[in-house]
Amino acid sequence: MRIVVLTGGIGGARFLVGVRAHAREIGAEVTAVVNVGDDVRLHGLQICPDLDSVMYTLGGAAEPERGWGRTGETWVVKDELAKYGAEPSWFGLGDKDTATHLVRTTMLTAGYPLSQVTTALCDRWQPGVTLLPATDERLETHVVADVDGERKAIHFQEWWVRYRGDVPTHRFVFVGAEAAKPAPGVTEAIGAADVVLLAPSNPVVSIAPILAVPGIREAVADGPAPVVGVSPVIAGAPVRGMADRCLATVGVEVSAAGVGGLYGARTGGGLLDGWLVDTADSVAEVAGVRTRAVPLWMSDERATAAMVAAALDLAGVS
Ligand code: GDP
Ligand code: CA
């Protein structure tokens, strides 16, 4: 069986740990199509937060408490940059992480596309899952927000990390999306999949930028594989992160039904055949979509693998 997962960073990475565990049990192959909208160039380094979260988590090297970056990280480079007054100073640039960004930036500068760079980095981490960036082209999520009394478009990382999303926010713009092409292998993997899963990632800033690459949404919506999404919202709240702020900005209710409705039924021009919600949301309904309620707390690998088994069952492919 071939499983394709559309995913963001931290939530998606945790989900993929369960996908990989279940896939090993049933002998399935997994391809993750990863958001690149968070990618940013800082201090001359190309940083891909979601690809790195997924790669480090599956490689067993992610810091579980903080949720991003490496275990046993040190911060010498960041401190030294601050002593030069080098901006931005709000970004958490760890020393170990910096090595990843250096290798990536060197390869990109030499002309390798991000997809090949990702494969090369994964050679070290052996994630057990094929990681594909949604696109090799520049695609950045910018946020139109009121900052210091002025309406500006700032990079998603600045909005998220510097302002904690806590500024009047008007909209998200996926800069470069229209001209972007799916990275090699993305639409092929979706077309050859037996099932496509939408990870319980942030729908607005993790999954939407992937779908904004022309050809990806179409490959999912018009493809042969059933599509099942997993709710990132449990009992009216995102388990962690700021999906509530993002959903409010796009005018979607922060509920399992709200997010399911945002994706929409495949029969109605949306994406979903099935929508997995938490047992706390068992009354959630999305028109035209089969819903099922199971525990959705990704507390450990086994609990997450059980979610994946339920998603495949809902898709009718287990
Ligand atoms: P990011 O790119 O690092 O923000 O990570 P993602 O977009 O992949 O995932 C963030 C989302 O994961 C958050 O908005 C949460 O709603 C969701 N999330 C985190 N932990 C859990 C969990 O245990 N269960 C579920 N259902 N969702 C979770
Ligand atoms: Ca992210």
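The structure this text deals with has already been given above.
Attention here is on the structure that accompanies the text. Just so it is clear, the structure is predicted and the values come from calculations on it, not from any experiment.

1. Quick notes on the side chain of Ser231
Here's step 1: With respect to the helices and strands, Ser231 occurs in the loop between β10 (227-230) and β11 (233-234).
Here's step 2: One polar contact links the side chain of Ser231 to the main-chain carbonyl oxygen of Val233, over a distance of 2.7 Å.

2. A word on helix α2 (residues 49-58)
Here's step 1: For α2, a buried count of 9 out of 10 residues is recorded, marking the element as mostly surrounded by other parts of the structure.
Here's step 2: Turning to α2, its buried residues number three or more, namely Pro49, Asp50, Leu51, Asp52, Ser53, Val54, Met55, Tyr56 and Leu58.
Here's step 3: Backbone geometry just after α2 places Gly60 at a positive phi near 75°.

3. Quick notes on the pattern of salt bridges
Here's step 1: Applying the stated criterion across every chain yields a total of 9 salt bridges.
Here's step 2: Put simply, Lys83 and Glu80 hold a salt bridge, and the shortest N to O gap is 3.8 Å. Pair noted here: Lys83 and Glu80 are both in helix α3 (residues 76-83), with a separation of 3 residues, about one helical turn.
Here's step 3: Overall, the relative accessible area of 66% leaves Lys83 in the exposed class.
Here's step 4: As a salt-bridge pair, Arg266 and Asp273 come within 3.0 Å of each other at their nearest N and O atoms.
Here's step 5: The class for Arg266 is buried, based on a relative accessible area of 19%.

Reading the values: the criteria
Residues numbered from 1 in each chain as written. Chains lettered and ligands numbered in written order. Predicted model: local features only at pLDDT ≥ 70, side-chain atom pairs only at ≥ 80, totals over all residues. Heavy atoms only, no water. Helix = DSSP H or I, 4+ residues; strand = E, 2+ residues; numbered from the N terminus. Polar contact = N/O pair within 3.5 Å; in protein donor to acceptor, adjacent residues only side chain to side chain. Buried < 20%, exposed > 50% of the residue type's maximum accessible area, 1.4 Å probe, protein only. Salt bridge = Lys/Arg side-chain N within 4 Å of Asp/Glu carboxyl O.

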